[in-house]
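The residues making up each chain are set out below.
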Amino acid sequence: MNFTRRLFLKILTLAGAILYFPFNKKNKIFAFPALDKSIYSETDEKSYVICVHNPNATSWNYKTGYYIEYINQEEINKMLDKALLALTGEKEVYLAWKNVMSKYKPGDKIALKPNFNCADKPYARVCQEIMTAPQVINAVIKGLTQYIGVPEKDIYIYDLCRPIPYNIIRKYIPYNVNFIEKPSHSILDRIKIKLKIGLAAPDMSAPIEMREKITDSEGNFITCYIPKLLTECQHLINLPIVKYHQFLVVTGPLKNHFGTVRFSNLSLYPVYLHGKVLHKSIVDLNRNPHIKNKTRLVVADFLFGSYDYKTAEHKTEVKRKWKTFPMGETPNCLLVSKDPVALESVMYFYLIKERKFHGLPIGSDHYLYDAMKFGLGIHERVESEEEFKSIKLIKISI
């Protein structure tokens, strides 16, 4: 994205203005400053976000069994096909995939990054929590193998902060792809961590430039690295979920890469990137060339979504029926874009609308303005779908 000097100064001014958000104790809603919509008037850049809805995508009753078993794979396949046709403007699905993967060459490796943040929980809790559905991953793999001709062995599904268990994830993915997960506590895995062996290990030639000093609890400096998986893969597809985050509002495609970063102290969890360094860390991670330049597509699972971090019954993210989503109490949607910032902006819009309805607090979006400043995509904060200007939100129903 090309920014003029005047536009750049406007962005800096706005970013400074939103660093402080007064808290309204009466309704527990953060009071945002007025948005200067003229910030977008000097750019013709447009980012497309496709919201495809299919009422037949799921049939779960929010009570019985594992919700993953109530997702219709064929309907999810149709949704992704329709979304890609709308996103690319092509007439045939194979041409849409060719458009998205135009830089692919035979022999290239492709990394898929879902959000499996609840995958280390007991089965009963996983049934209530939320993660990227295997059916969404399958739809992407189908497109890559069927239309691009990518061998299954060249596809890598990874989340380096969590295990990828057979009973809740792998058995629902019928492809012979690779799974790269959080190392276990076995002696072999501990040796591999120590010796930095394997695709989950940090690539010591690929440090991440961070604007804030990253330290552990004792103040020791930590260097962040891209894992070997991403330095050895040529393409990346981001598969987040629409989910509230207690420190941000949304844990979308940008923060999804907290499950990518590796650390010089060999820690396996990104706790050091929270707190006062959180916002800049999210942006700095995503502006690394191995993420920014390799991301081909973002497909967000919005089949259910989670608009609240916890309830009285569940101290974690849960799936509950929505009150403000225009397509129904169960969203049954996918959000698809080539622009991770624009897609996260749309997530942000739907989540704050729902949280305002319930009188829940709303966090800051200034990291999204920071991401826009670094050319990672377009962010708009709006009060209605019609107010999106630089983001072209296209809604499709099947």
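The preceding data block contains the structure.
First, a word on scope: everything that follows refers to the structure included in this document. (Residues numbered from 1 in each chain as written. Predicted model: local features only at pLDDT ≥ 70, side-chain atom pairs only at ≥ 80, totals over all residues. Heavy atoms only, no water.)

## Details of the overall build of the protein
Counting its regular elements, the protein contains 11 helices and 15 strands. With 398 residues in all, the protein has 56% of them scored as buried. Approximately 16800 Å² of the protein is accessible, and the part contributed by carbon and sulfur atoms is 52%. (Helix = DSSP H or I, 4+ residues; strand = E, 2+ residues; numbered from the N terminus. Buried < 20%, exposed > 50% of the residue type's maximum accessible area, 1.4 Å probe, protein only. Areas by Shrake-Rupley, 256 points an atom, 1.4 Å probe, with all protein chains shown as cover.)

## A closer look at a nonpolar patch on the surface
A grouping of Ile 187, Ile 191, Leu 195 and Ile 197 is seen on the molecular surface, where their side chains present a nonpolar patch of about 410 Å² in accessible area. Relative to the helices and strands, Ile 191 resides in helix 6 (residues 187-195). We classify Ile 191 as partly exposed; its relative accessible area is 43%. (Patch = residues over 30% accessible without salt bridge, like charges linked within 9 Å, V, L, I, M, F, W, Y side chains within 5 Å. Salt bridge = Lys/Arg side-chain N within 4 Å of Asp/Glu carboxyl O.)

## A look at the sheet that holds strand 12 (residues 262-263)
On the basis of which strands lie adjacent, the open sheet formed by 3 strands has the order 7-8-12 and antiparallel pairing. Looking at the sheet topology across the chains shown, the edges are occupied by strand 7 (202-207) and strand 12. By the bridge criterion, 2 bridges tie strand 7 to strand 8 (residues 224-227) in an arrangement that is antiparallel. Bridge assignment links Pro 207 to a residue of strand 8, and that residue is Tyr 225. (Pairing = 2+ DSSP bridges.)

## Observations regarding the side chain of Asn 77
Mapped onto the fold, Asn 77 is located in helix 2 (residues 73-88). Overall, the relative accessible area of 8% leaves Asn 77 in the buried class. When sequence neighbours within four positions are dropped, the list of residues in contact with Asn 77 reads Ala 139 and Lys 142. (Contact = heavy atoms within 4.5 Å.)

## A closer look at the pattern of salt bridges
Considering all chains together, one arrives at 15 salt bridges under this definition. Measuring nitrogen to oxygen at the nearest pair gives 2.9 Å for the salt bridge that ties Asp 284 to Arg 287. Across the salt bridge formed by Asp 365 and Arg 381, the nearest N and O atoms sit 3.1 Å from each other. In this pair, Asp 365 sits in the loop between helix 10 (340-357) and helix 11 (366-373) while Arg 381 sits in the loop between helix 11 and strand 15 (391-397), placing the two residues 16 residues apart along the sequence. For the pair Asp 365 and Arg 381, one class covers both residues: buried. Salt bridges here are not isolated pairs; linked through shared partners, they connect Arg 211, Asp 284, Arg 287, Asp 370 and Lys 373.

## What about helix 5 (residues 134-148)?
Between its terminal C-alpha atoms helix 5 stretches 20 Å, which fits the 21 Å expected from 15 residues at 1.5 Å a residue. Among the residues making up helix 5, those that are buried are Pro 134, Gln 135, Val 136, Ile 137, Asn 138, Ala 139, Val 140, Ile 141, Gly 143, Leu 144, Tyr 147 and Ile 148. Gly 149 lies just past helix 5 and shows a positive phi near 80°. (Expected span 1.5 Å × (residues − 1).)

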